[in-house]
Amino acid sequence: MSKTHRLELDDQTLREWDAVVLSSGPEGIVLDRSAFYPGGGGQPPDHGVLLWGGVQTRIVDARKGDDLYLVPAEDGPLPPAGTTVRGAVEDERRTALMRTHSGLHVLCGVVFRDFGALVTGGNMEPLSARMDFNLESVPPGFREDVEAACNAEVLAGRPIMVRELPRAEAFGIPDIIRTATNLVPEDVATVRIIDIAGLDQQADGGTHVASTSQVGRISVVKVENKGKGFRRLRIRIED
Ligand SMILES: [Zn+2]
């Protein structure tokens, strides 16, 4: 269990905070409190800086091991244990990833609702992403229909809510059974649920915007046929 309190899970809009260095070394820097998303669930880690005593340490990666390690740029100065630092997450990258990640939830919800297809994989970069679906055949107009339905959900401004539920209760929700039963380790007592009211619910540790209206326009740029029942949709998030 990591010693770092994960501020980004409490407040997805937080970009700056104060913290104390618990340890620093070749593996990275461990803080008592951090809003750096360490990557996971297809969302890449945050970038940013630590400021301490007039020194700036640029953070280019963050990852979960025994602890949550912040990885400095090559030859970056390491703040010693006990140092008070000001942490800042690079807003442009994180906000783009939150919009992209939330856009994938919209896509996932639309494709399940309108075509009954389940997600089998996905990946994202800031403002572009792909999602794989188990879909036997692609009906005529599929790309255009999915894009129109996604943008209708963006315009609808559906709230994107976060809540924590006891494991048994979370896995009583049919949508969660559909997407995540085998993904959450057995020793996890509470499950974080991301809920786009009426469209999509998932067990999820990532960061998201507060409403579908904050995603921006979703372009479905390509539908690829990767083999029997295996379709890959590529999207771009526009302003
Ligand atoms: Zn998510």
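Residues numbered from 1 in each chain as written. Predicted model: local features only at pLDDT ≥ 70, side-chain atom pairs only at ≥ 80, totals over all residues.

A few points about helix α3 (residues 142-156)
Each α-helix winds once per 3.6 residues, and so residues spaced three or four apart point in a common direction.
Stage number 1. Taking 1.5 Å as the rise per residue, α3 with 15 residues should run 21 Å; its terminal C-alpha atoms sit 21 Å apart, in good agreement.
Stage number 2. Listing the buried residues of α3 in full gives Val-146, Cys-150, Asn-151, Glu-153 and Val-154. Projected down its long axis, α3 shows its buried positions confined to an angular sector of 155°, all on one face. Opposite its buried face, α3 presents the exposed residues Glu-144, Ala-152 and Leu-155, each directed more than 90 degrees away.
Stage number 3. Contacts from the buried residues of α3 go to α2 (91-115) and β14 (218-225).
Stage number 4. Where α3 ends, the next residue or the one after it, Gly-157, has phi of about 60°, a positive value. (Helix = DSSP H or I, 4+ residues; strand = E, 2+ residues; numbered from the N terminus. Expected span 1.5 Å × (residues − 1). Buried ≥ 20, exposed ≤ 12 C-beta atoms within 10 Å, placed from the backbone. Arc of directions from axis to C-beta. Contact = placed C-beta atoms within 7 Å.)

A look at the sheet that holds strand β11 (residues 160-166)
Stage number 1. Taken in spatial order, the three strands make up an open sheet running β11-β12-β13, and their pairing is antiparallel. Only two strands of the sheet have a single neighbouring strand rather than two, namely β11 and β13 (200-203). Taken pair by pair, the neighbouring strands of this sheet meet at an average axis angle of 25°, ignoring direction.
Stage number 2. Across seven bridges, β11 lies against strand β12 (residues 190-196) in antiparallel orientation. Among the inter-strand pairings, Arg-163 is bridged to a residue of β12, identified as Ile-193. (Pairing = 2+ DSSP bridges. Axes fitted to C-alpha atoms, helices over the stretch in contact; angles between N-to-C directions.)

What to know about unusual backbone geometry
When glycine is set aside, most residues are seen to have a negative phi, and most peptide bonds are trans.
Stage number 1. Although it is not a glycine, Asp-75 sits at a positive phi angle of roughly 65°.
Stage number 2. Within the element layout of this structure, Asp-75 appears in the loop between β7 (68-72) and β8 (84-89).
Stage number 3. Its identity is not glycine, yet Leu-127 carries a phi of approximately 70°, on the positive side.
Stage number 4. Here Leu-127 is to be found in the loop between β9 (118-125) and β10 (128-134).
Stage number 5. Residue classification places Leu-127 among the partly exposed residues on the basis of 17 C-beta atoms within 10 Å.

Remarks on the domain arrangement of the protein chain
Often the size quoted for an interface is simply the accessible area lost on bringing the parts together.
Stage number 1. The domains assigned to the protein chain are domain 1 (5-89) and domain 2 (94-237).
Stage number 2. Counting residues at the interface gives ten residues for domain 1, matched by 13 residues for domain 2.
Stage number 3. Each residue belonging to the side of domain 1 that touches domain 2 can be placed in one class, and the counts come to three nonpolar, five polar and two charged. (Domains from an automatic or database assignment. Nonpolar A, V, L, I, M, F, W, Y, C, P; charged D, E, K, R; others polar.)

A few points about the environment of Ile-29
Stage number 1. Among the secondary structure elements, Ile-29 is positioned in strand β3 (residues 28-31).
Stage number 2. The spatial distance from the C-alpha of Ile-29 to the C-alpha of Val-154 is 38 Å, given a sequence separation of 125 residues.
Stage number 3. Beyond its immediate sequence surroundings of up to four residues, Ile-29 is in contact with Val-21, Ser-24, Leu-50, Tyr-69, Leu-70, Pro-72, Leu-78 and Pro-79.

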